[in-house]
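# Tertiary structure, described
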Amino acid sequence: MEQKLVEMGKTSAKGSIQLFIGIAVSTIIMAVCTIILARLMTQEEYGLYSIALIPSSMMILFRDWGVNSAITKYVANLRAENKIGRIKSIIYAGLTFEILTGTVLTFLSLLLSNFIATTIFHRAELTFLIAIASTTILSGAILIAAQSTFIGFERMELNSLTAICQAIVKTIISPVLILLGYSALGAVLGYTISLTIAALISIILLYFHIFRKLRIENLHKTSIKKTLKEMLRYGVPLSISSILNGFLIQFYAFLMAIYCTDLMIGNYQVAIQFATILTFFTMPISTVLFPAFSKINPQDENGLLQIIFTSSVKYTSLILVPVTLALMILSKPMVGTLFGEKWTQAPLFLTLYIIDNLFVILGSLTLGSLLAGIGETKMQMKLSLITLAIGIPLSLVFTPSMGIVGLILTTIIASKPSLGVGLHWARKKYAVKMDIKSSVRILIASTAAAIATLLAINFIAYADWVKLCVGIFVFSVAYLIAAPTLGAINKSDINNLKIMFSGLGIISKIINVPLSVMERLPNLT
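First, a word on what this report is: a plain description of the structure on this page. Here the structure is a predicted model, which is why all the values come from computation and not from measurement.

Before going further, it helps to spend a moment on the overall build of the chain. Helices and strands together make up the secondary structure of the chain, namely 22 helices and zero strands. When burial is assessed residue by residue, the chain has 55% of its 525 residues classed as buried. Put simply, 84% of the contacts in the chain that link residues at least 6 apart link residues at least 24 apart. For the chain, the computed accessible surface area is about 22500 Å², with 69% contributed by carbon and sulfur atoms.

Below you can see the structure in the form of structure tokens.
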């Protein structure tokens, strides 16, 4: 078990780094695009652009039915069991299903574009924008199906490549179209074209790097219908969970469009763009955990399951909690530096919006990957129903009366009862749990660094960019000292992390620098 744990740790670490690089590069490029758009467009125009993407996002919820997750799950599982013969049929069935549902929903969105714009949003000028955005339903289906296959094969670099390509295309096309006078239409066109090109690239990569290398005699004789039925049996409960979660998000978005001004929506979207910095860390971790848990038989390898869950919660918290608190403390100088002074509400929205990430210390990021990986999709569906039952009435009270702030508070509060239920169930059935002492110490160490940073930037009466640079430096140094000193990370953790990230060349050397510094500091606990 120890050898398997080490190998899984190395594989997950390598995949995380590859995804981290891809997501970081693509997000930075997207951030540059967002900064340019925010400076070229008025707050109202940016709000219209954001609203135009809501209907297609709602339609996407009903496109997947868990097939993408099934692709990742079965590909990872079949590879672990060395049953390569079935993989080709899984990919073919999944891709076919995604293209069919994507096509149907694209035409449905086109037909409803005028009704949604005029009757629901009361903005007739949105009709054409919504119609254009509808094409992303099909292109997104192709892209996600290919990326799910990449993840199942643990080819995270291919996943990253498609994300970077989309970001580059959008960053080039959108500003050019806006400068040509197309405003919100140019932004929507840039988003649509970039997703289409990324989908084409993903199919090419899928064929040449994976599908073509699977020998034709290994194609399973089971019909597409039977294969798809098996995938849907696993995926539908997971899909219902995703639909419920996604519906709730889009329901919030519809309420926002109805009750909030375009100016407030624009500020909120700017805040969300900063919050995507956290996806540098959350997306790689949650993505690699899914195939990792899929390889484990919970009945025969329960001890391994417990270790991976506890370790993933701790190591995720070590990264995500301090980054979240740093963003909260530095929200004002960060927004001011990159977007200018006109986005006055964005720092408050950003600070409130990312509070939810602090619950990673309780396993909020790991629980979903655990349930999906070991096949407990029905439980995941039940948890989503709990969140939905709380979120809808709460949003109907908070959003009309408190606007964007009420919407953010709703998202934070609504998901916590289901998190508690899910953790209790997982502990009772599989004996998995987080290390509470470690979680508390990580939170204390991060809070200490945040307080030091807040005191430092409050004594600086310079420009926002100076405060931002000083704040990042102070927080980094303070956390590197506080984490080992307060026992948030110990020598055993540092050694494990060094082993996990070994074999990554220069990246290993870079990661080892802060780890070595922390290793030399005393542990007061």
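Among the nonpolar cores identified, the biggest contains 91 residues, and Met41, Tyr49, Phe121, Leu126, Tyr268, Phe339 and Tyr479 are the most heavily contacted of them. Of all the elements, helix 9 (residues 224-259) adds the most residues to this core, at nine residues. If near-sequence neighbours (up to four positions away) are discounted, Phe121 is found in contact with Ile51, Ile54, Pro55, Ile116, Leu126, Ile130, Phe254 and Ala257. If you look at the next biggest cluster of nonpolar residues, it comprises 27 residues, including Ala70, Val75, Ile87 and Leu228.

What follows covers a nonpolar patch on the surface. Taken together, the side chains of Ile28, Val32, Ile36, Leu40 and Leu179 make up a nonpolar region of the molecular surface, amounting to roughly 420 Å² of accessible area. Among the elements that line the nonpolar patch, the one with the most residues is helix 1 (residues 2-40), at four residues. Following the sequence through the fold, Leu179 ends up in helix 8 (residues 156-209).

Glancing now at unusual backbone geometry. Here the phi dihedral of Ser183 falls at roughly 50°; this positive angle occurs in a residue that is not glycine. Positionally, Ser183 belongs in helix 8. Non-glycine residue Ala431 carries a positive phi angle of around 60°. Judged by its relative accessible area of 39%, Ala431 falls in the partly exposed class.

What follows deals with the side chain of Ser148. Structurally, the position occupied by Ser148 is in helix 7 (residues 136-152). Residue classification places Ser148 among the buried residues on the basis of a relative accessible area of 8%. Within polar-contact distance, the side chain of Ser148 engages the backbone oxygen of Ile144 at 2.8 Å. Sequence-distant contacts of Ser148, that is, excluding residues within four places in its chain, are made with Asn68, Ile71 and Thr72.

Scoring rules and cut-offs
Residues numbered from 1 in each chain as written. Predicted model: local features only at pLDDT ≥ 70, side-chain atom pairs only at ≥ 80, totals over all residues. Heavy atoms only, no water. Helix = DSSP H or I, 4+ residues; strand = E, 2+ residues; numbered from the N terminus. Buried < 20%, exposed > 50% of the residue type's maximum accessible area, 1.4 Å probe, protein only. Contact = heavy atoms within 4.5 Å. Areas by Shrake-Rupley, 256 points an atom, 1.4 Å probe, with all protein chains shown as cover. Core = buried A, V, L, I, M, F, W, Y, C linked by side-chain atoms within 4.5 Å. Patch = residues over 30% accessible without salt bridge, like charges linked within 9 Å, V, L, I, M, F, W, Y side chains within 5 Å. Salt bridge = Lys/Arg side-chain N within 4 Å of Asp/Glu carboxyl O. Polar contact = N/O pair within 3.5 Å; in protein donor to acceptor, adjacent residues only side chain to side chain.

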